[in-house]
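Residue-level structural notes
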There are 2 protein chains.
Amino acid sequence: MPAPIMSREELVARLLELFRERGYDGIALSDVSAATSLGKSSLYHHFPGGKQDMGAAVLEQAGAWLERDIVGALSADRPPARRLDAMFAALRAFYGGGTRPCILAALVTGSAHELFQPALGGAFRTWIQALVAMLTEAGVQAAAARELAQDLVVAVQGSLIVARGTQDPDVFRDTLRRQQARLKAALDAAQR
Amino acid sequence: MPAPIMSREELVARLLELFRERGYDGIALSDVSAATSLGKSSLYHHFPGGKQDMGAAVLEQAGAWLERDIVGALSADRPPARRLDAMFAALRAFYGGGTRPCILAALVTGSAHELFQPALGGAFRTWIQALVAMLTEAGVQAAAARELAQDLVVAVQGSLIVARGTQDPDVFRDTLRRQQARLKAALDAAQR
DNA sequence: GTCTATAATAGGATAGAC
DNA sequence: GTCTATCCTATTATAGAC
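Residues numbered from 1 in each chain as written. Chains lettered and ligands numbered in written order. Predicted model: local features only at pLDDT ≥ 70, side-chain atom pairs only at ≥ 80, totals over all residues. Heavy atoms only, no water.

Looking now at the protein's contact with DNA strand D. Residues in close proximity to DNA strand D total 20 residues, the closest being S41(A), H46(A), L29(B), K40(B) and S41(B). Per the 4 Å cut-off to the protein, sugar and phosphate atoms form 61% of the nearby atoms of DNA strand D. Contact between DNA strand D and S41(A): a base oxygen at 2.5 Å from a side-chain N or O atom of the residue. Listed by contribution, the elements that provide at least two residues to the surface near DNA strand D are α3 (40-46) of chain A together with α2 (29-36) and α3 (40-46) of chain B. Top contributing element to the surface near DNA strand D by residue count: α3(A), with four residues. Across the surface near DNA strand D, the residue classes tally to nine nonpolar, nine polar and two charged. (Near = heavy atom within 4 Å. Polar contact = N/O pair within 3.5 Å; in protein donor to acceptor, adjacent residues only side chain to side chain. Helix = DSSP H or I, 4+ residues; strand = E, 2+ residues; numbered from the N terminus. Nonpolar A, V, L, I, M, F, W, Y, C, P; charged D, E, K, R; others polar.)

On to the packing of aromatic side chains. For the coordinates displayed, the defined rule picks out ten aromatic pairs over all chains. Ring centres of F19(B) and Y24(B) lie 5.4 Å apart, and the angle between their planes is 40 degrees; on these two criteria the pair is classed as tilted. Look at F19(B) and you get buried, because its relative accessible area is 2%. You can call Y24(B) buried: its relative accessible area is 6%. What links up through ring pairs into an aromatic cluster is the set W65(A), F94(A), Y95(A) and F172(A). Over the face of the ring belonging to Y24(A) we find K51(A), whose NZ or CZ atom lies 4.8 Å from the ring centre. (Phe/Tyr/Trp six-rings, centres within 6.5 Å; stacked < 30°, edge-to-face > 60°. Buried < 20%, exposed > 50% of the residue type's maximum accessible area, 1.4 Å probe, protein only. Lys NZ or Arg CZ within 6 Å of the ring centre and 35° of its normal.)

For the coordinates displayed, the defined rule picks out 26 salt bridges over all chains. Note that R100(B) and E17(B) form a salt bridge whose closest N and O atoms lie 2.9 Å from each other. Here R100(B), found in the loop between α5 (80-94) and α6 (103-106), pairs with E17(B), found in helix α1 (residues 8-22); they are 83 residues apart in sequence, far enough to count as distant. Among the salt bridges present, the one from E21(B) reaches R164(B), with a minimum N-O distance of 2.8 Å. Taken together, the residues E21(B) in helix α1 and R164(B) in helix α8 (residues 142-166) connect sequence positions 143 residues apart. What makes E21(B) partly exposed here is its relative accessible area of 25%. By relative accessible area, R164(B) is classed as buried at 16%. Here the salt bridges do not stand alone but share partners, grouping E147(A), D151(A), R182(A) and R178(B) into one network. (Salt bridge = Lys/Arg side-chain N within 4 Å of Asp/Glu carboxyl O.)

Turning our eyes to something else, we now look at the relation of the copies chain A and chain B. The two copies are related by a screw motion: chain A maps onto chain B through a turn of 180 degrees and a shift of 0.0 Å along the axis, at an RMSD of 0.1 Å. In the structure described here, the two chain copies are related by an operation that fits a two-fold rotation axis. Taking the C-alpha atom as reference, chain A places G158(A) closest to the rotation axis, 1.8 Å from it. The fraction of interface residues of chain A whose copies in chain B are also interface residues reaches 100%, indicating that both copies meet through the same surface. (Least-squares fit on C-alpha atoms with pLDDT ≥ 70 in both. Contact = heavy atoms within 4.5 Å.)

Turning to empty space enclosed by the protein, a few remarks are in order. A full pass over the atoms with the stated rule returns four cavities of 30 Å³ or more. Taken as a whole, the largest cavity encloses approximately 270 Å³ of empty space. Lining of the largest cavity is provided by 21 residues; of these, A105(A), I161(A), A105(B), V108(B) and I161(B) occupy positions nearest its centre. If you list the elements that add at least two residues to the lining of the largest cavity, you get α6 (103-106) and α8 (142-166) of chain A together with α6 and α8 of chain B. By residue number, the principal contributor to the lining of the largest cavity is α8(A), which donates four residues. (1 Å grid on protein atoms, 1.4 Å probe; cavity = no way out; pocket = protein on both sides within 12 Å on 5 of 7 lines; lining within 4 Å. Points joined across faces, edges and corners; volume = space filled by probe spheres on them.)

Taken together, the contacts link 36 residues of chain A with 36 residues of chain B. Overall, the association of chain A and chain B removes approximately 3,000 Å² of surface from exposure, summing both partners, and the carbon and sulfur fraction of that is 58%. Looking at the side of chain A facing chain B, the largest losses of area belong to V154(A), I161(A) and R178(A), adding up to 19% of the total buried there. The interface formed by chain A and chain B contains six salt bridges. In this structure, the salt-bridge partner of R178(A) is E147(B), at a minimum N-O distance of 3.9 Å. Taken together, chain A and chain B are joined by ten residue pairs in polar contact (both at pLDDT 80 or more). If you list the elements that add at least two residues to the side of chain A that touches chain B, you get α1 (8-22), α7 (111-137), α8 and α9 (170-190) of chain A. Across the side of chain A that touches chain B, the residue classes break down as ten nonpolar, 16 polar and ten charged. (Buried area = accessible area lost by both parts, 1.4 Å probe.)

Set out below in structure tokens:
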């Protein structure tokens, strides 16, 4: 019995990397095999349901990250402005400053859309809801908070697409900087 | 010699529909065959290079639409505000009010990214540039125009992703309405 | 310009040894 | 928990008739 070559977390992390870069339908099990140095049978040992199981595991790990680094940052016991900064730092890190695609966007298309829609919808809603909660708690009106939150998520997704399409990560960086300033301004305005 | 069953334009339009909905790697030639009622050999007659040729044809048609309905609207001989309205009308129509994905976003991932990157980058840049030109012509400062233009394209792409992820086209509708108001306001401010 | 038939390969998945 | 070997189906692509 050979010992496990890597932890499940590391394994799923590599899958996530593959899926976000090339999409669900763009990845073959042979790609996974190459990226993990595991034979196909080993992969089926870890994911009995095959590729679909892999997608589910990746989404689960992404959900955990969202919960810990985004929702966690936004609901931390700190001043609202510091919470915002923490979320933006997490976003910049996770998306490699605009060079790495979002796993959610990678899975909204093709077969993944049919297979994982509920989880995808849940992730987007969780993210938006955490932002709304933080903003309203800081005194921003409900309608304005909803608008700001939606705009942020939209801006992240859109700038990642445009950054990749134009091969220019500056779009992501500039967009995030502006969103951060706008949200900060909303917090300041609500403080009065 | 059987007569052609449909025009090339109609043929490519159906391919575009397939690729935007399910992505390049999510479509098999059998899908194309079913959607066009053409046998595989007929498809190879129209696209000797196979699937890659189909992708190129789709991008070419999308580029023509961009040139005619977006760049055309933005550079028409009308007041700037009317040009803006025409662009937004075209966007709402092309994206089915938020229910239909963008072909550019569908092709930034997977094999399509490697195959078509130059055309994709060109399309994004053309769109942004046409907006910048219109805004500066209307008196908006260059830096502000660049920011507004980038934000619009980012907002369109992002809201389509989020709309699809959450199964809620309202995100697209609301986002476009706000972008339209913002751009109108910039035009008004520049008029003085 | 379209068809049927076929080749060649790649894909997802399983069996069974160690 | 990993491997080699194998299966079956789908996929891309071509040949040649009409």
